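If you want the building blocks of each chain, they are given just below.
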Amino acid sequence: MPVEITWWGHATCTVADSDVRVLTDPLFARRLAHLRRRRGALPPPGAWRADVALVSHLHADHLHVPSLARLPEGTRLLVPRGAPRAVPGLRRLTGLRVTEMAPGEVTDVGALRVRAVPARHDGRRLPVGRHHSPALGYVIEGEARTYFAGDTGLFDEMAHEVGPVDVALLPVGGWGPYLGEGHLDAGRAAEALSRLAPGSAVPVHYGTYWPIGMDAVRPHEFHAPGDEFVRLAAERAPGVAVHRLGHGESVRLEVAA
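Attention in this report is confined to the structure presented alongside it. Keep in mind that this is a model prediction, so the values were computed, not measured. (Residues numbered from 1 in each chain as written. Predicted model: local features only at pLDDT ≥ 70, side-chain atom pairs only at ≥ 80, totals over all residues. Heavy atoms only, no water.)

**Quick notes on the sheet that holds strand S2 (residues 12–17)**
Overall, mixed pairing links the seven strands, which are arranged S8-S7-S6-S3-S2-S1-S17 in an open sheet. Two strands close off the open sheet at either side, each with one partner strand: strand S8 (97–101) and strand S17 (250–254). Neighbour-to-neighbour, the strand axes of this sheet turn through a mean angle of 20°, independent of strand direction. Here S2 runs beside strand S3 (residues 20–24); their pairing, made up of five bridges, is antiparallel. Bridging from a neighbouring strand, Cys13 pairs with Thr24 of S3. (Pairing = 2+ DSSP bridges. Helix = DSSP H or I, 4+ residues; strand = E, 2+ residues; numbered from the N terminus. Axes fitted to C-alpha atoms, helices over the stretch in contact; angles between N-to-C directions.)

So, in structure tokens, the structure goes:
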């Protein structure tokens, strides 16, 4: 049975599986603080429609309150445990049905089972934030098992914590000229792919936002990660079909029963 993946840019994807629409880390802004969207049109209003939205961690380019406010009333929203305490704006989104998640916890959405898994990333809202929440990935289990990694570094227990999956949505870059601790670049993402061994993968979290005024600073860090991931994945995980999507493009994947 097919699962359909649409990449809207950065870490925002729609996963359509078992007649349920899942939206990951919704970000519908042209500008966010010092970041400007440099590639791809803003997701259209149809992209705001979801049965459930997943938030991986509290950083503002992943938990973006104005974007969450555009979700239709009644949408389920899964967030890291403690997020409403750390981000007061979440508490004002009274039309959304918010569920706090921690690694290992599971919730059902229609015919899907959504399982929170660990990520290696700073879970604070700000670098000096007082409140901590776990950074999460999610495994969406329906006709397919789809892993949305959020933001994460490579860690030894990744394959064990995530478990067998059919599709992996992996970050391969970032929004600035340097990637800090707790991120995957193209090489580390290819290594993660070799450990996870899904049937298919889609690179995300690159080539969308870039700091204002830094267009000429290490531009290959913005443009190249998708192609570099495709190249390295072919070397390190040759059995995985990698689909490098353009902004707003979709792929339908047949998954063996």
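**A look at the pairing of strand S11 (residues 136–141)**
Counting buried positions over the six residues of S11 gives six, a clear majority of the element. The two faces of S11 match: Leu136, Tyr138 and Ile140 on one face and Gly137, Val139 and Glu141 on the other face are all buried. As judged from the six bridges shared by strand S10 (residues 112–118) and S11, these two strands associate in the antiparallel manner. Along S11, the bridge assignment pairs Val114 with Ile140. In this structure, S11 lies alongside strand S12 (residues 145–148), joined through four bridges in antiparallel fashion. Paired with Val139 across the strands is Tyr147, a residue of S12. Between S11 and the antiparallel strand that follows it, S12, lie three residues. (Buried < 20%, exposed > 50% of the residue type's maximum accessible area, 1.4 Å probe, protein only.)

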